[in-house]
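Structural characterization, general
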Amino acid sequence: MKARISRVVYNRSLCDGPGVRTLVFFQGCDIHCKGCQNPSTWDPAKGTEVDVSELADELEHNSINKKVTITGGEPLLQKEAVAELAETLDGRGFDVALYTGHSRSDVPDSVMRHIKYLKSGPFVESLKSTVIPFMGSQNQKFERIKK
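Read on for a plain summary of the structure. Model, not experiment: these values are computed from the prediction.

So, about the pattern of salt bridges. Think of it this way: side chains of opposite charge can pair up when their charged atoms draw near. A full pass over the atoms with the stated rule returns 9 salt bridges. Glutamate 60 is the partner of arginine 92 in a salt bridge, and the nearest nitrogen-oxygen pair spans 3.0 Å. Of this pair, arginine 92 sits in the loop between helix H2 (79-91) and strand S5 (95-99) while glutamate 60 sits in helix H1 (residues 52-62); the two residues are 32 residues apart in sequence, bridging distant segments of the chain. Taking relative accessible area as the criterion, glutamate 60 reaches 33% and is therefore assigned partly exposed. Note that aspartate 95 and lysine 67 form a salt bridge whose closest N and O atoms lie 3.5 Å from each other. Of the two residues, aspartate 95 sits in strand S5 while lysine 67 sits in strand S4 (residues 67-72), which places them 28 residues apart along the sequence. Residues participating in the shared-partner salt-bridge network are Arg21, Lys67, Asp95 and Lys116.

Structure follows, in structure tokens:
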């Protein structure tokens, strides 16, 4: 299966889930939040098409601690690719987080059963927060899905 991604940032993030995390930015967004920190990810025609199994291999080889956050853009625009990536990484012992601007109910079971953490809800600029761990605005929710 193919996915369209903007970029991968290895082993640098401390604010996109617990621990030092690698970030996979999926390309394309249907929300376009005012004040978004990643507007370059909005256009679904941009980015790079990758094979999900090859992406998983690359993540396994380059992620120092098997902690990956799938973000965007809006990853749920590519639900099947996200489900395949989450399942593959989970099967390889990764700690997978999903960041979506959509609600928890929009996340398919095929994804939910393979993620450890979920951040849901759109970024709302008027509710911006720099003190709530792992979230950009007060309306968002960060939760542990599985132990």
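Right, let's get into the packing of H1 against H2. Across the interface, H1 lies against H2 with an axial gap of 10 Å and an inter-helix angle of 40°. Between H1 and H2, the angle is such that the two are oblique. The handedness of the crossing between H1 and H2 comes out as right-handed. Counting all contacts with H1, which are made through Val52, Ser53, Leu55, Ala56 and Leu59, the residues of H2 involved are Ala81, Glu84, Leu85, Thr88 and Leu89. Classifying every residue of the contact of H1 with H2 by side-chain character gives 7 nonpolar, 2 polar and 1 charged.

Right, let's talk about the environment of serine 105 for a bit. Here serine 105 is to be found in the loop between S5 and helix H3 (109-112). Given a relative accessible area of 69%, serine 105 falls into the exposed group. Separated by 2.9 Å, the side chains of serine 105 and serine 103 make a polar contact.

Here we come to the side chain of asparagine 38. In this fold, asparagine 38 is placed in the loop between strand S2 (21-26) and strand S3 (48-51). In this structure the side chain of asparagine 38 is engaged in a polar contact, spanning 3.2 Å, whose partner is the backbone oxygen of glycine 72. Each residue touching asparagine 38, except ones within four places of it in the same chain, is listed here: Arg7, Phe25 and Gly72.

The rules behind these values
Residues numbered from 1 in each chain as written. Predicted model: local features only at pLDDT ≥ 70, side-chain atom pairs only at ≥ 80, totals over all residues. Heavy atoms only, no water. Salt bridge = Lys/Arg side-chain N within 4 Å of Asp/Glu carboxyl O. Helix = DSSP H or I, 4+ residues; strand = E, 2+ residues; numbered from the N terminus. Buried < 20%, exposed > 50% of the residue type's maximum accessible area, 1.4 Å probe, protein only. Axes fitted to C-alpha atoms, helices over the stretch in contact; angles between N-to-C directions. Parallel < 35°, antiparallel > 145°, perpendicular 65-115°, else oblique. Left-handed = near helix turned anticlockwise from the far one by under 90°. Contact = heavy atoms within 4.5 Å. Nonpolar A, V, L, I, M, F, W, Y, C, P; charged D, E, K, R; others polar. Polar contact = N/O pair within 3.5 Å; in protein donor to acceptor, adjacent residues only side chain to side chain.

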